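A look at the structure
Here are the chains, one letter per residue:
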Amino acid sequence: AREAVLAAATGPGCTADGYEVPLLANIGGPADLPTALENEAQGVGLYRTEFLFLDRTTPPTVDEQEAAYREVLEAFPGGRVVVRVLDAGADKPLAFLPPPGEEPNPALGERGLRMLLRNRPTLTGQLEALARAAQGTTAKLQVMAPMVAGLAEAEEFVAACRAAGVETAGIMIEIPAAAIRASDLGPAVDFFSIGTNDLAQYTFAADRQVGSLSALQDPWQPALLDLIAMTAEGAKAAGRPCGVCGEAAADPALACVLVGLGVTSLSMGAPALPLVRAALSRHTRAQCEAAAVAARQGQTADEARDLARGLLPGLS
Ligand code: PEP
Ligand code: MG
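Sequence order as written defines the numbering, with residues in each chain counted from 1. Here every chain gets a letter starting at A, and every ligand a number starting at 1, in the order they are written. Only residues with pLDDT of at least 70 are given local features in this predicted model, and only at 80 or more are side-chain atom pairs given and counted; all residues enter the totals for whole chains, interfaces and linings.

Structural notes on helix 4 (residues 62-74)
Each α-helix turn comprises 3.6 residues. Residues three or four places apart therefore point the same way. To be explicit about the condition: Helical segments are the DSSP runs of H or I of at least four residues, strand segments are the runs of E of at least two, and each set is numbered from the N terminus. The span one expects for a helix is its residue count, reduced by one, times 1.5 Å. Between the buried cut of 20 or more and the exposed cut of 12 or fewer other C-beta atoms within 10 Å of a residue's own C-beta lies the partly exposed class, and all C-beta atoms are placed from the backbone. Within this analysis, the arc is defined by the directions that extend from the helix axis to the C-beta atoms. What counts as a contact here is a pair of residues whose C-beta atoms, placed from the backbone, lie within 7 Å.
Taking 1.5 Å as the rise per residue, helix 4 with 13 residues should run 18 Å; its terminal C-alpha atoms sit 18 Å apart, in good agreement. Every buried residue belonging to helix 4 is among Gln65, Tyr69, Arg70, Val72 and Leu73, and all of these are buried. End-on, the buried residues of helix 4 take up no more than an arc of 160 degrees, which puts them together on one face. Turned more than 90 degrees away from the buried face of helix 4, the exposed residues are Asp63 and Glu64. Buried residues in helix 4 make contact with helix 2 (33-38), strand 2 (43-48), helix 3 (50-53), strand 3 (80-84), helix 6 (120-134) and strand 4 (140-145).

Here you go:
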């Protein structure tokens, strides 16, 4: 049955009634491109650039970064490539960028965009490398910031992008405050991308790396679905696209629910793309919306999953 499903679904992501949902790959660098292409990714929805910066005592030069970024952009002519600027902090320390001091709770410390706004040359160098890499390629470069908490940070990031020649600047929604105030943030940016891994971590105050708390990382939790719905509504009100690039997008039933909540693109580890593509192709947008409404009526993650699956018959 699995082979039949895989064979049936090829091409761009869309629901049974033809509503297009671009299906994109999460990558850590050019080495992940072959798997993305084999699985028919329509572009990159999350390029985690940290790997370029790890294990080194000096930052990569602008030229070095430009070469890595160009390789990714050239793999998707005419496609979308969403690059996340450096998401480092005390949990992923960089030798050339020490944390500002002892941080007892690194996940709540100076990480992500906070760190870059205090280390401007690192941000500027990365944005300049990205703008240069995009010149002469047909891929659509979109750059986003991790760990944005509010409007002032979003505005600072967009201004830095524009100054460096990056035309399309968005933000990740992975801090609950940003989801709650998505309607304020939408007009200030070009797009949202929801990081469900961190959004779950911060919503449930449960470290994503602590195995004994993994139930609290379940992306079917109704509170998380509510925050995703708020984010998608805020994006829609501002006329902005809203993707998901956390692990949630890789679950075929949840992918349908996300589309039903108003999410406009899905990005995931490339091996998950075929089953998500198949699940979408078997359900209409209205079925996805009904499944999303049902899921949010659940009181627990398990209930939400069961309620949604009951309305997504094409998944069995
Ligand atoms: C997320 O937080 O959901 C995300 C996509 O980013 P990362 O897993 O790299 O923190
Ligand atoms: Mg994250």
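A closer look at the UniProt feature "binding site: Mg(2+)" (unreviewed entry) in the protein chain
Here is the rule: UniProt positions are given in the numbering used here, feature names are shortened, and annotations may be inferred rather than shown by experiment.
Sites flagged by UniProt as "binding site: Mg(2+)" (unreviewed entry) map to Glu174 and Asp198. Judged by maximum C-alpha separation, these annotated positions cover 25 residues in sequence but sit close together in space, the widest gap being only 5.3 Å. Note that Glu174 resides in the loop between strand 5 (169-173) and helix 8 (176-180). If sequence neighbours within four positions are ignored, Glu174 has contacts with Pro146, Met147, Gly195, Asp198 and Leu199.

A word on the packing of helix 4 against helix 6
Quick reminder of the rule: Interaxial angles span 0 to 180 degrees and are taken between N-to-C directions of axes, which are lines fitted to C-alpha atoms, for helices over the stretch in contact. Angle categories: roughly parallel below 35 degrees, roughly antiparallel above 145, roughly perpendicular from 65 to 115, and oblique for all the rest. Rotating anticlockwise by less than a right angle from the far helix to the near helix defines a left-handed crossing, while the corresponding clockwise rotation defines a right-handed one. Just so you know the grouping, Ala, Val, Leu, Ile, Met, Phe, Trp, Tyr, Cys and Pro go in nonpolar, Asp, Glu, Lys and Arg go in charged, and all remaining residues, Gly too, go in polar.
Relative orientation of the contacting elements helix 4 and helix 6 amounts to 45 degrees, with a least axis distance of 8 Å. For the element pair helix 4 / helix 6, the angle class is oblique. For the crossing formed where helix 4 meets helix 6, the hand is right-handed. Here Val62, Gln65, Glu66, Tyr69, Arg70 and Leu73 of helix 4 come into contact with helix 6, specifically with Gly125, Gln126, Glu128, Ala129, Leu130, Arg132, Ala133 and Ala134. Looking at the contact of helix 4 with helix 6, its residues break down into 7 nonpolar, 3 polar and 4 charged.

What about the site of ligand 1?
The following threshold applies: Put plainly, near means the residue's C-beta atom, positioned from the backbone, lies within 6 Å of the molecule or strand in question.
Contacts to ligand 1 come from Leu46, Arg48, Glu174, Gly195, Thr196, Asn197, Asp198, Cys245 and Gly246. Mapped by element, the contributors of at least two residues to the shell around ligand 1 are strand 2 and helix 10 (196-203). At 3 residues, helix 10 tops the list of elements feeding residues into the shell around ligand 1. Classifying every residue of the shell around ligand 1 by side-chain character gives 2 nonpolar, 4 polar and 3 charged.

Some details on the sheet that holds strand 7 (residues 242-244)
Whether parallel or antiparallel, the strands of a sheet pair through hydrogen bonds between backbone atoms. Operational definition: Strand pairing is assigned whenever DSSP detects at least two bridges linking the two strands.
Taken in spatial order, the 8 strands close into a barrel running 1-2-3-4-5-6-7-8, and their pairing is parallel. Strand-to-strand twist in this sheet, taken as the mean axis angle between neighbours without regard to direction, amounts to 25 degrees. Sheet topology places strand 3 next to strand 4; 5 bridges connect them, and they run parallel. Directly across from Val83, in strand 4, lies its bridge partner Val143. Running over the sheet, helix 7 (residues 151-164) touches strand 4 and strand 5 and is turned about 145 degrees from strand 5.

What to know about helix 6
Between its first and last C-alpha atoms helix 6 spans 21 Å; for 15 residues at 1.5 Å apiece the expected length is 21 Å, and the two agree. Of the surrounding secondary structure, the elements contacted by the buried residues of helix 6 are helix 4, strand 3, helix 5 (112-118), strand 4 and helix 7.

Observations regarding the nonpolar core
Across soluble globular proteins, nonpolar side chains have a tendency to be buried as a group. Heads up, the condition is: Put simply, a nonpolar core is a cluster of buried Ala, Val, Leu, Ile, Met, Phe, Trp, Tyr and Cys residues tied together by C-beta atoms within 7 Å.
Val44, Ile171, Val257, Leu258 and Leu266 are the most contacted members of the largest nonpolar core, which has 104 residues in total. With 8 residues, helix 12 (residues 252-261) is the largest single contributor of residues to this core. Beyond its immediate stretch of four places on either side in the chain, Leu258 contacts Ile228, Val244, Ala248, Ala249, Val263 and Leu266.

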